[in-house]
Amino acid sequence: MPGGKCWMKVFDLDADSTGPGSTIPGMLNAARTLLRQTFGFADFHPQQAEVIAAILAGHDALVLMPTGGGKSLCYQIPSMLLDGTGIVVSPLIALMQNQVLALRQAGVQAEYLNSSLDYGQQQAIEMRLRSGQLDLLYIAPERLLLPRTLELLGQLKLALFAIDEAHCVSSWGHDFRPEYLQLSVLQERFLGVPRMALTATADATTRRDIVAQLGLQQAAHYISSFDRPNIRYLVEEQQAGREQLLRFLDQHHPDDSGIVYCLSRKKVEATAQWLNLHGRQALPYHAGLLHAERDQNQVRFMNEAGLIMVATIAFGMGIDKPDIRFVAHLDLPRSLEAYYQETGRAGRDGLPASAWLCYGLQNVVRLRQMLEASEADEAHKRLERRKLEAMLGYCEMIRCRRQALLAYFGEQKSQPCGNCDCCLYPPRVEDGSVYASKALSCVYRSGQRFGAGYIIDLLLGKTSGRILARGHQQLSTFGIGTELTALQWRSVFRQLLAGGLLSTDPEGFGVLRLTEACRPILQGQQPLQLRLEQPDRKKAAPRRSKILQRPALTGVDEQLWQSLCQCRTQLARQYGVPPYLIFHDSTLHAMVEERPADLNQFSCLSGVGQHKLEHYGAIFLQILQTHSSPLFSGD
Ligand code: ADP
Ligand code: ZN
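This one's a predicted model, so the numbers in the text were calculated from it and none came from an experiment. (Residues numbered from 1 in each chain as written. Chains lettered and ligands numbered in written order. Predicted model: local features only at pLDDT ≥ 70, side-chain atom pairs only at ≥ 80, totals over all residues. Heavy atoms only, no water.)

1. A word on the overall build of the chain
Line of reasoning, step 1. Per the secondary structure count, the chain includes 29 helices and 17 strands.
Line of reasoning, step 2. On C-alpha atoms alone, the chain measures out to a radius of gyration of 28 Å, which is about the 26 Å that the 2.2 N^0.38 rule sets for 635 residues.
Line of reasoning, step 3. When each of the 635 residues of the chain is scored for burial, the buried share is 53%.
Line of reasoning, step 4. Here the analysis covers contacts within the chain between residues at least 6 apart in sequence; of these, 72% occur between residues at least 24 apart. (Helix = DSSP H or I, 4+ residues; strand = E, 2+ residues; numbered from the N terminus. Rg over C-alpha atoms; globule rule 2.2 N^0.38 Å. Buried < 20%, exposed > 50% of the residue type's maximum accessible area, 1.4 Å probe, protein only. Contact = heavy atoms within 4.5 Å.)

2. Quick notes on the side chain of Asp421
Line of reasoning, step 1. Relative to the assigned elements, Asp421 resides in helix α18 (residues 421–424).
Line of reasoning, step 2. Reaching out from Asp421, the side chain makes a polar contact with the side chain of Arg401 at a distance of 2.6 Å. (Polar contact = N/O pair within 3.5 Å; in protein donor to acceptor, adjacent residues only side chain to side chain.)

3. As for the site of ligand 1
Line of reasoning, step 1. In the region of ligand 1, 15 residues are neighbours, and Gly68, Lys71, Ser72, Arg348 and His584 sit closest.
Line of reasoning, step 2. Measuring from an oxygen atom of ligand 1, one finds a side-chain N or O atom of Lys71 at 2.8 Å.
Line of reasoning, step 3. Summarising the interface, the protein chains cover 79% of the accessible area of ligand 1, which totals 560 Å² for the free molecule.
Line of reasoning, step 4. Sort the elements by how many residues they give to the shell around ligand 1 and helix α3 (residues 71–81) lands first, with three residues. (Near = heavy atom within 4 Å. Areas by Shrake-Rupley, 256 points an atom, 1.4 Å probe, with all protein chains shown as cover.)

4. Brief notes about the coordination of the zinc ion (ligand 2)
Line of reasoning, step 1. Only Cys400 (SG), Cys417 (SG), Cys420 (SG) and Cys423 (SG) from the protein reach the zinc ion (ligand 2) as donors, at distances of 2.4 Å.
Line of reasoning, step 2. In terms of primary sequence, the donors binding the zinc ion (ligand 2) are separated according to C-x16-C-x2-C-x2-C. With respect to burial, Cys417 and Cys420 carry one shared label: buried. (Donors = N, O, S within 2.8 Å, 3.2 Å for Na, K, Ca; no water.)

5. Observations regarding helix α22 (residues 486–498)
Line of reasoning, step 1. The end-to-end C-alpha distance of α22 is 18 Å, a good match for the 18 Å that 13 residues give at a rise of 1.5 Å each.
Line of reasoning, step 2. Across the 13 residues of α22, ten count as buried, placing the element largely inside the fold.
Line of reasoning, step 3. Buried within α22 we find Gln488, Trp489, Ser491, Val492, Phe493, Arg494, Gln495, Leu496, Leu497 and Ala498.
Line of reasoning, step 4. Immediately beyond the C-terminal end of α22, within one or two residues, lies Gly500, with a positive phi of roughly 75°. (Expected span 1.5 Å × (residues − 1).)

6. Things to note about the pattern of salt bridges
Line of reasoning, step 1. Summed over all chains, the structure comprises 20 salt bridges.
Line of reasoning, step 2. We note a salt bridge from Asp421 to Arg401, for which the minimum N-O separation is 2.6 Å. One end of the pair, Asp421, is in helix α18; the other, Arg401, is in helix α17 (residues 401–408), and 20 residues separate them in sequence.
Line of reasoning, step 3. For Asp421, a relative accessible area of 3% translates into the label buried. (Salt bridge = Lys/Arg side-chain N within 4 Å of Asp/Glu carboxyl O.)

7. A closer look at the sheet that holds strand β2 (residues 85–89)
Line of reasoning, step 1. The seven strands are arranged β3-β4-β2-β5-β6-β1-β7 in an open sheet whose pairing can be described as parallel. Two strands lie at the open edges of the sheet, namely β3 (110–113) and β7 (220–223), each paired on one side alone. When strand polarity is set aside, the average angle formed by the axes of neighbouring strands in this sheet is 20°.
Line of reasoning, step 2. As defined by bridge partners, β2 adjoins strand β5 (residues 158–163) across five bridges and the pair is classed as parallel. Note on β5: the bridge partner recorded for Ile87 is Phe161.
Line of reasoning, step 3. Where α3 meets the sheet, it contacts β2, β4 (136–139), β5 and β6 (195–199), and its direction lies at approximately 160° from that of β6.
Line of reasoning, step 4. Its contacts with the sheet put helix α5 (residues 119–130) on β2, β3 and β4, and the angle it makes with β3 is roughly 130°. (Pairing = 2+ DSSP bridges. Axes fitted to C-alpha atoms, helices over the stretch in contact; angles between N-to-C directions.)

8. Here we look at the pairing of β2
Line of reasoning, step 1. Counting buried residues in β2 gives five out of five residues, a clear majority hidden from the surface.
Line of reasoning, step 2. Here β2 shows two buried faces, one formed by Thr85, Ile87 and Val89 and the other by Gly86 and Val88.

9. So, helix α19 (residues 433–445)
Line of reasoning, step 1. In a regular helix each residue adds 1.5 Å, so 13 residues correspond to 18 Å; α19 covers 18 Å between its end C-alpha atoms and thus fits that length.
Line of reasoning, step 2. Every buried residue of α19 is accounted for by Ser433, Tyr435, Ala436, Ser437, Lys438, Ala439, Leu440, Cys442 and Val443.
Line of reasoning, step 3. Check the buried side of α19 and you find it contacts β14 (429–431), α20 (452–460), α22, β15 (502–504), β16 (512–514) and α23 (519–522).
Line of reasoning, step 4. Where α19 terminates, the next one or two residues include Gly447, which has phi positive at roughly 90°.

10. Thoughts on the packing of aromatic side chains
Line of reasoning, step 1. According to the stated counting rule, one finds 17 aromatic pairs in the structure shown.
Line of reasoning, step 2. A ring pair is formed by Tyr233 and Tyr339, whose centres lie 6.4 Å apart and whose planes are at 45°; its orientation type is tilted. Residue Tyr233 is located in strand β8 (residues 231–237), and its partner Tyr339 is located in helix α14 (residues 336–343); the two are separated by 106 residues in the primary sequence.
Line of reasoning, step 3. For Tyr233, a relative accessible area of 1% puts it in the buried group.
Line of reasoning, step 4. Pairing Tyr285 with Phe315 gives two aromatic rings, centres 4.7 Å apart and planes at 55°, and the pair type is tilted. Of this pair, Tyr285 sits in strand β10 (residues 282–285) while Phe315 sits in the loop between β11 (308–311) and β12 (326–329), and the two are 30 residues apart along the sequence. (Phe/Tyr/Trp six-rings, centres within 6.5 Å; stacked < 30°, edge-to-face > 60°.)

11. Focus: the nonpolar core
Line of reasoning, step 1. In this structure, Ile77, Leu144, Met196, Leu332, Phe602 and Phe620 are the most contacted members of the largest nonpolar core, which totals 143 residues.
Line of reasoning, step 2. Contact partners of Met196, with chain neighbours within four places excluded, come to Val51, Ile55, Ala61, Val63, Cys74, Tyr75, Leu160, Phe161, Ala162 and Ile163.
Line of reasoning, step 3. Residues Phe478, Leu502, Leu528 and Leu532 belong to the second largest nonpolar core, which totals 33 residues. (Core = buried A, V, L, I, M, F, W, Y, C linked by side-chain atoms within 4.5 Å.)

12. Quick notes on the packing of helix α24 (residues 555–575) against helix α26 (residues 585–594)
Line of reasoning, step 1. Across the interface, α24 lies against α26 with an axial gap of 10 Å and an inter-helix angle of 140°. The angle between the axes of α24 and α26 places the two elements in the oblique class. For α24 against α26, the interelement crossing comes out right-handed. Residue-level contacts link Asp557, Leu560, Trp561, Leu564, Cys565 and Arg568 of α24 to Asp585, Leu588, His589, Met591 and Val592 of α26.
Line of reasoning, step 2. When the residues that make up the contact of α24 with α26 are grouped by side-chain class, the tally is seven nonpolar, one polar and three charged. (Parallel < 35°, antiparallel > 145°, perpendicular 65-115°, else oblique. Left-handed = near helix turned anticlockwise from the far one by under 90°. Nonpolar A, V, L, I, M, F, W, Y, C, P; charged D, E, K, R; others polar.)

13. Quick notes on the side chain of Ser603
Line of reasoning, step 1. In this structure, Ser603 sits in helix α27 (residues 599–603).
Line of reasoning, step 2. For Ser603, a relative accessible area of 3% corresponds to the buried category.
Line of reasoning, step 3. Polar side-chain contacts of Ser603 include one of 2.7 Å to the backbone oxygen of Asn600.

14. As for the pairing of β6
Line of reasoning, step 1. When you tally the buried positions in β6, you get five out of five residues, the bulk of the element.
Line of reasoning, step 2. Residues Arg195, Ala197 and Thr199 of β6 are buried on one face, and the alternating residues Met196 and Leu198, pointing to the opposite face, are buried as well.
Line of reasoning, step 3. Strand direction decides the pairing type here: strand β1 (residues 61–64) and β6, joined by four bridges, are parallel. By the bridge assignment for β6, Leu64 is matched with Thr199.
Line of reasoning, step 4. Summarising the sheet, β5 and β6 pair through three bridges and their orientation is parallel. In the strand pairing of β6, Phe161 is matched with Arg195.

In structure tokens, the structure reads:
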């Protein structure tokens, strides 16, 4: 570890820099010192510094950052620096509790007010609030809006209002919370208190709603790149979903914690059971479970290492566990927005993580069926159909998936990413016009009344009972597609669907029909690039890759790593918090790599602030010293 540098990390704040008349650069320096002293981080991400400067100068702000982008520090640090308490509006009890626990671990004075507290506890918090002891108070919107609370806050000095998960204000999104609409009251009642809205939802409609509903017309917008470079995007065609999942987990995440999303409760239960049978520890989570069981599974997932949560999308917002190493989808998400939000739960800590999706034709049919059966009006359904098509297009992508994803959200990325399956294992692409026109003709000749399975049998010239019963062996297209396997034909059909050349019936039986768009293909006027699945793709080069693994540890390091993890688990139990609130994995990695020899060197590790240094430094140093003794070092 570089000697000397650590002395830069001074653990005392220059009081003058926050006093009356202090300049913004001065305050920003104070903020940086606080970042190092309290949170143990070397510097702000670029957008964080800008947002913090704006708030310190008394301005409002709209902050759009992806999950894991570091939104919380944007309000936590100004709340600590400015006079008075920062009020954080947060929609979920679990989220508030986690953040408050994390802040306390860092030695920050923070509390939350919500329905989980009894009267006595609430009184105690109010007392601390009134006496100005709190830097941060987290509060649910319905509690904040009570006349009594507004009155209380009106008597206090407030640093700022932070409205977290601000997309809840938009009735377009799936997290709509009517109470959020009433938060407009804040601008009227608390003139001069800076307000900031924060969200990881990027689209323009949501953004407009936030500005209009929360009265943030004067707010500067801070929009970060939504790229999550540490997440590797992988898509596989579905053959035997669960086995594929297991193979993926064995290869890339043999003992990691992650989420597996399924569409139905039944599939959640079955998949969780199946994973348990195959040596993984998995828990189910869906809206059909008893509340107590659901909560218990969630608590276990947050606290124990290596657990897999198999869940419907009911398991969603509020999962801020930083070390989720993978998010797997066994069914197709209904939109790219949902996909991006769900996969975004992986790798908040910035370490390598994967987003793995396995999808097949029947997924598409099922989703269409659900969409058409919903009670939404026609305009809404049209929108949903478009979103589903975009999702399909993404699955059948032959170029960089990350570029396509970001482009969908309005962000241009000039270079392919090198960290998605299309970049890593470029698919074989061919002129597929002949296949396309054979497939389309066969759909047409058989009367546009059948699903892909039947059409493929026709193309392959199978004389099944169903075909003979209809006399379809007489069709001119019978048996014209024997050059491809059934698997390859399925892929062709998926691509034709994704490209909008075929559609399925609105009733959801999977009946394929031609669309207007396929005319030029049928007439041979337009070439069509198709990806051809290789029949032996399963046996292709092993997909394990180093980048997804923990940095390779040697035998001795591995022992050290295990001891550090054990120590962290023990401390977490003792303090009743999840292990990652003691130290993130990245901080433990840094310990293994840098081998700090004393408290000063220990204080230089990323993620070690003063409070954690005092509380845990000596314990971890002892482990480090034991492992560096001659007994351990001889290899
Ligand atoms: P968000 O709320 O935007 O999803 P968080 O505020 O939870 O993100 O931050 C994500 C992770 O990044 C956390 O583990 C946090 O400690 C870490 N982090 C945030 N800012 C910094 C920084 N400037 N330097 C290093 N790590 C940071
Ligand atoms: Zn890529």
